[in-house]
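# Results of the structural survey
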Amino acid sequence: MAAIDDIEKILKQVGIKYTRDQKVITMRWKTDHFDDLKVKITTNNDDSWTYVVAPFTSISQVDESVKSKFFYDMLKESWKANGVKYVIDNDDDIIVISETNDTDLTAQEVQTLVNHVVHACDVLWEIYPS
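Here we summarise the structure given alongside this text. None of the values given here were measured: they were computed from a predicted structure.

What counts and what doesn't
- Residues numbered from 1 in each chain as written.
- Predicted model: local features only at pLDDT ≥ 70, side-chain atom pairs only at ≥ 80, totals over all residues.
- Heavy atoms only, no water.
- Helix = DSSP H or I, 4+ residues; strand = E, 2+ residues; numbered from the N terminus.
- Buried < 20%, exposed > 50% of the residue type's maximum accessible area, 1.4 Å probe, protein only.
- Axes fitted to C-alpha atoms, helices over the stretch in contact; angles between N-to-C directions.
- Parallel < 35°, antiparallel > 145°, perpendicular 65-115°, else oblique.
- Left-handed = near helix turned anticlockwise from the far one by under 90°.
- Contact = heavy atoms within 4.5 Å.
- Nonpolar A, V, L, I, M, F, W, Y, C, P; charged D, E, K, R; others polar.
- Expected span 1.5 Å × (residues − 1).
- Salt bridge = Lys/Arg side-chain N within 4 Å of Asp/Glu carboxyl O.

Turning to the environment of L113, a few remarks are in order. Residue position: L113 is located in helix α3 (residues 107-127). You can call L113 buried: its relative accessible area is 15%.

Here you go:
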């Protein structure tokens, strides 16, 4: 059985609403700063890694005059965040991600990974230049 199938069973067990499209599970969260935060769970091709990912915005949306400070703030917050990274992908999109190579995840571990990503998105919103 694929890891994503196991994660889907866990989400059903703990009552988290989601949709699934092949190898990607998508959840929508309402937080202090987001009305519709999309968080996705996926795995790599051999199911040896699980990723909890929340796309944020394109780095091109950040004004050049404040980019350096924003990058510095992201780096500091990334250090403080528990098990979460703030990254910029190949398309210059800011991504919040948590990953694990634990192939036998428990319900508590899945909830923790998702909660850390959701919380990290709220933190990123607070440091994002407006």
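As a further point, take the packing of helix α2 (residues 64-80) against α3. Across the interface, α2 lies against α3 with an axial gap of 10 Å and an inter-helix angle of 150°. Classified by the angle between their axes, α2 and α3 sit roughly antiparallel to one another. You can see that α2 and α3 cross each other, and the crossing is right-handed. Contacts between α2 and α3 involve F70, D73, M74 and E77 from the former and V123, L124 and I127 from the latter. Among the residues forming the contact of α2 with α3, the class breakdown is 5 nonpolar, no polar and 2 charged.

A few words on α3. With 21 residues, α3 should reach 30 Å at 1.5 Å per residue; the first-to-last C-alpha distance of 31 Å fits that figure. Considered for burial, the residues of α3 that qualify are A107, V110, L113, V114, V117, V118, A120, C121, D122, V123, L124 and I127.

Let's shift gears to the pattern of salt bridges. Under the defined criterion, the tally for this structure stands at 10 salt bridges. Residues R28 and D36 are paired through a salt bridge, measuring 2.7 Å at the closest nitrogen-oxygen approach. Residue class for D36 comes out partly exposed when judged on its relative accessible area of 38%. With a shortest N-O distance of 2.7 Å, K85 and E99 are connected by a salt bridge. Taken together, the residues span a long stretch of sequence, with K85 in strand β5 (residues 85-88) and E99 in strand β6 (residues 93-100) at a distance of 14 residues. E99 sits in the partly exposed class, given a relative accessible area of 30%.

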